[in-house]
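In case you want the letters, here they are:
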Amino acid sequence: MPLSNAKSWSPYLDEELTKPYMRVLKEFLRLKKNDNVIIYPHSSHWFHALEATPLDKVKVVIIGQDPYHQAHQAHGLCFSVQPGIKIPPSLVNIFKELDTDLGLHEHPQHGCLESWAKQGVLLLNSVLTVEDSTPNAHQGKGWELFTDKVIQTVAEQNKHVVFLLWGAYAQKKGAFIDTSRHCVLKAPHPSPLSAYRGFLGCKHFSKANAYLEEHHKIPIHWALPILCTPP
């Protein structure tokens, strides 16, 4: 699992990839593939969040749990789906919040968040693989330790990053972040089961941009382009 296409991260993560837990994870994934288990996303997209958003460009971090588990959905960015795929319910609610927070009443008919990643929004799932139609299938296999290291690297190497922690899972994973160095915004998960308990109306997108501007950074253009073609 090399990071050849994510070179800015390599000095901080290459050693992590050689640790015993990662060797166990690699073997677990190899055996699954040998048993013809369908794994999402494709292996070329396992590290896409790191490839799309270089470390020195990270301005916002959004933490998800694990990838979408149906065909053609996941492509390595949390909450994002590939063009042509029906927009999942949590992302529908994210778009609703964009509407009310920023007045973005027109959205393209896709849920590809590639443009956010290219602007410095690290869209990181805690677990980077899943099995077909089996949510959480790869939890507890080692990915969480690796993505903890990713978040720690951002928190230590960058300044004035906005961490959007949606739901108890993300909030627990980001509990160590130094709030004197970074902006940490918390809300319920955008899932239909919890969005109406405080995600809708949280105004995280405008708050994130206000913090970035306060620290002389270019704000995120949250409106999505009409077309999205992920690599």
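Structure first, text after, so check above.
Residues numbered from 1 in each chain as written. Predicted model: local features only at pLDDT ≥ 70, side-chain atom pairs only at ≥ 80, totals over all residues. Heavy atoms only, no water.

Draft legend 1. Up close: the layout of surface pockets. Reported here for the largest pocket is a volume of approximately 410 Å³. Lining of the largest pocket is provided by 26 residues; of these, Q65, D66, P67, Y68 and N125 occupy positions nearest its centre. Of the residues in the lining of the largest pocket, the class split is 13 nonpolar, 12 polar and 1 charged. (1 Å grid on protein atoms, 1.4 Å probe; cavity = no way out; pocket = protein on both sides within 12 Å on 5 of 7 lines; lining within 4 Å. Points joined across faces, edges and corners; volume = space filled by probe spheres on them. Nonpolar A, V, L, I, M, F, W, Y, C, P; charged D, E, K, R; others polar.)

Draft legend 2. Quick look at the packing of aromatic side chains. Considering all chains together, one arrives at 10 aromatic pairs under this definition. Between W166 and F205, the aromatic rings sit 6.0 Å apart at their centres with planes inclined by 70°, giving edge-to-face as the arrangement. Linking W166 in strand β5 (residues 162-166) with F205 in helix α8 (residues 204-214), this pair joins segments that are 39 residues apart in sequence. Taken individually, W166 and F205 each receive the classification buried, so the pair is uniform in this respect. (Phe/Tyr/Trp six-rings, centres within 6.5 Å; stacked < 30°, edge-to-face > 60°. Helix = DSSP H or I, 4+ residues; strand = E, 2+ residues; numbered from the N terminus. Buried < 20%, exposed > 50% of the residue type's maximum accessible area, 1.4 Å probe, protein only.)

Draft legend 3. Inspection of the pattern of salt bridges at higher detail. Inspection of the entire model under this criterion finds 4 salt bridges. Measuring nitrogen to oxygen at the nearest pair gives 3.2 Å for the salt bridge that ties K32 to E131. You can see K32 sitting in helix α2 (residues 20-34) and its partner E131 sitting in strand β4 (residues 130-131), a full 99 residues away along the chain. Judged by its relative accessible area of 11%, E131 is buried. (Salt bridge = Lys/Arg side-chain N within 4 Å of Asp/Glu carboxyl O.)

Draft legend 4. Broad picture of the nonpolar core. By size, the foremost hydrophobic cluster in this structure holds 69 residues, and its most contacted members are W116 and F146. With 6 residues, the top contributor of residues to this core is helix α6 (residues 143-157). Setting aside residues no more than four positions away along its own chain, F146 makes contact with L13, E16, L17, Y21, M22, F47, L50 and L128. (Core = buried A, V, L, I, M, F, W, Y, C linked by side-chain atoms within 4.5 Å. Contact = heavy atoms within 4.5 Å.)

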